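Working through the structure, step by step
Residue-level listing of the chains:
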Amino acid sequence: MSSHGGTSNPEYVNARVRSRRAALFEEDDYRKLARMSPAEIARFMEESPAYEEQINALGSRFSGVDLIEYALNASLAEDFEDILSWCEGALYGHVARYLRKFDAWNVKTVLRGVYADTDREAVSDDLIRAGEFDDRLLERLLDADSIEEIVELLSGTVFGRALGDALDDYESTGVLVPLENAVDRAYYKLLRTDDLTGEALSEYREFLEAEIDFRNAINTLRLARSGADIDPSEYFIEGGVLFSAAGLRQLASNTDELIQRIRESRYGEELSEALTELEAAESLIGFERALEVALLEYADSLGLVHPLSVTPVVSYVLTKEREVDNIRAIARGKEAGLGPEEIESELVVL
Amino acid sequence: MLEIAPELANVVLQEGSNAPAIPSASAAALAVGLAAFGAGYAERGIGSAAVGAVAEDEDLFVTGLIFTVLPETLVILALVTIFLV
């Protein structure tokens, strides 16, 4: 793990990140990829500097869609680990704040693995080694035999306290939900934007608030659609600007009002088309994709106003994530026998 | 505090003496030194960005080097003061 001390070094990190960003696939490349077979996609990825190493390393063990999937995960993990290791000082904290999302994912995967008695290999394959946890901690988590042992191992991390508190709930109910909620809550609590002051960081704060607002909106819409009698404020994530816990409870029962609220917010302009579609077609999938595109647009313009801050790094992280998701969607779509047009409609591109 | 102010002004303005507080040669040396300080500060950011770019793509070495030493012109221009005094 890199040092947390010292002064920020945004110049160095930004130069490296921008260079990597230039090497990402463009929209034309996706169009080409959507017309290739999995083997051809793997060959195409091998020619790109971002994936060459991973494809070569994994090529002897896997083939087809599996090879693409593992290479994507490995490349993502390596990229984000690199970024974290370059960052120093305050910059490290700001980048790690967002990348802890993968730690949360890993903790939940390990918990589920132990709960469902899955074998170690399968759980290990599902981990994305991109967060702040180092390999040693992850190996020890994989070796753990019980939920209690995992909670104990994590006691020193940012998830420690929340998990410790939720352990009693788990023991009395016997279901994983309290622990998983605790992990999510701990992650979103760390995203909290109170300490991001100053002009340069205000962009980053706005982006994080958008992410939290969108997550709240999606959760509420899903709950409203499912018709389940669950209090939406149970799943409410603090830190956004659009909703409050009490307001959300009211909006969950009245979807039209919720849509109206989003339309009047600062996201209204970007999302207006998707909102109209949501009102008409009642399809959540299209709306979720519209939210992703809106976030990506945010990310694309991030870092143009304040080049020497954390924003270009976050912008790259998001774009890379999206690229990995898109290539995975293409490969999986090909495997399922979808046509190029159908696959292209599933992609999140600007 | 206020009563010593005129006294201080006298010392600073070197009342009663014709020699300036800083002789011109020393002033020129200070000018060069301060310019070098500024150049160093500018190079700090450019240099670290250049090293980052070179680490990603070695072809950028020459470009990076040129941009890194650009602020050095500050010192060269400041050297003119040495010849002027």
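Now for a description of the structure that goes with this document. Since this is a predicted model, take the numbers as computed values, not measurements. (Residues numbered from 1 in each chain as written. Chains lettered and ligands numbered in written order. Predicted model: local features only at pLDDT ≥ 70, side-chain atom pairs only at ≥ 80, totals over all residues. Heavy atoms only, no water.)

Our focus in this paragraph is the packing of helix α16 (residues 284-301) of chain A against helix α17 (residues 311-335) of chain A. Residues and elements named next belong to chain A. At a minimum axis distance of 8 Å, the contact between α16 and α17 shows a crossing angle of 140 degrees. Classified by the angle their axes make, α16 and α17 are oblique. Considering the relative orientation of α16 and α17, their crossing is left-handed. Along its contact with α16, which presents E292, L295, L296, A299 and D300, the element α17 presents S315, L318, T319 and R322. (Axes fitted to C-alpha atoms, helices over the stretch in contact; angles between N-to-C directions. Helix = DSSP H or I, 4+ residues; strand = E, 2+ residues; numbered from the N terminus. Parallel < 35°, antiparallel > 145°, perpendicular 65-115°, else oblique. Left-handed = near helix turned anticlockwise from the far one by under 90°. Contact = heavy atoms within 4.5 Å.)

Two aromatic rings are characterised by how far apart their centres lie and by the angle between their planes. Residues and elements named next belong to chain A. One pass over the full model with this rule turns up eight aromatic pairs over all chains. Arranged with centres 5.6 Å apart and planes meeting at 50 degrees, the rings of F80 and F102 form a pair that is tilted. Here F80 is found in helix α5 (residues 64-86), whereas its partner F102 is found in helix α6 (residues 89-115), with 22 residues between them in sequence. According to the relative accessible area criterion, F80 is buried, its value standing at 0%. The class for F102 is buried, based on a relative accessible area of 6%. The rings of F25, F44 and Y51 are connected pair by pair, giving a single aromatic cluster. (Phe/Tyr/Trp six-rings, centres within 6.5 Å; stacked < 30°, edge-to-face > 60°. Buried < 20%, exposed > 50% of the residue type's maximum accessible area, 1.4 Å probe, protein only.)

All names here are of chain A. Reported here for the largest pocket is a volume of approximately 1,500 Å³. Around the largest pocket sit 49 residues that line it, and K101, W105, Y188, R215 and E292 are the ones nearest its centre. Breaking the lining of the largest pocket down by element, the ones donating at least two residues are α5, α6, α7 (120-126), α11 (177-191), α12 (199-226), α16 and α17. The element that contributes the greatest number of residues to the lining of the largest pocket is α17, accounting for nine residues. Class assignment of the residues belonging to the lining of the largest pocket gives a composition of 22 nonpolar, four polar and 23 charged. The calculated volume of the second largest pocket comes to roughly 500 Å³. What lines the second largest pocket is a set of 17 residues, among which L58, Y70, A74, D125 and R129 lie closest to the centre. Looking at the lining of the second largest pocket, the elements that each hand over two or more residues are α4 (52-58), α5 and α7. Class assignment of the residues belonging to the lining of the second largest pocket gives a composition of eight nonpolar, three polar and six charged. (1 Å grid on protein atoms, 1.4 Å probe; cavity = no way out; pocket = protein on both sides within 12 Å on 5 of 7 lines; lining within 4 Å. Points joined across faces, edges and corners; volume = space filled by probe spheres on them. Nonpolar A, V, L, I, M, F, W, Y, C, P; charged D, E, K, R; others polar.)

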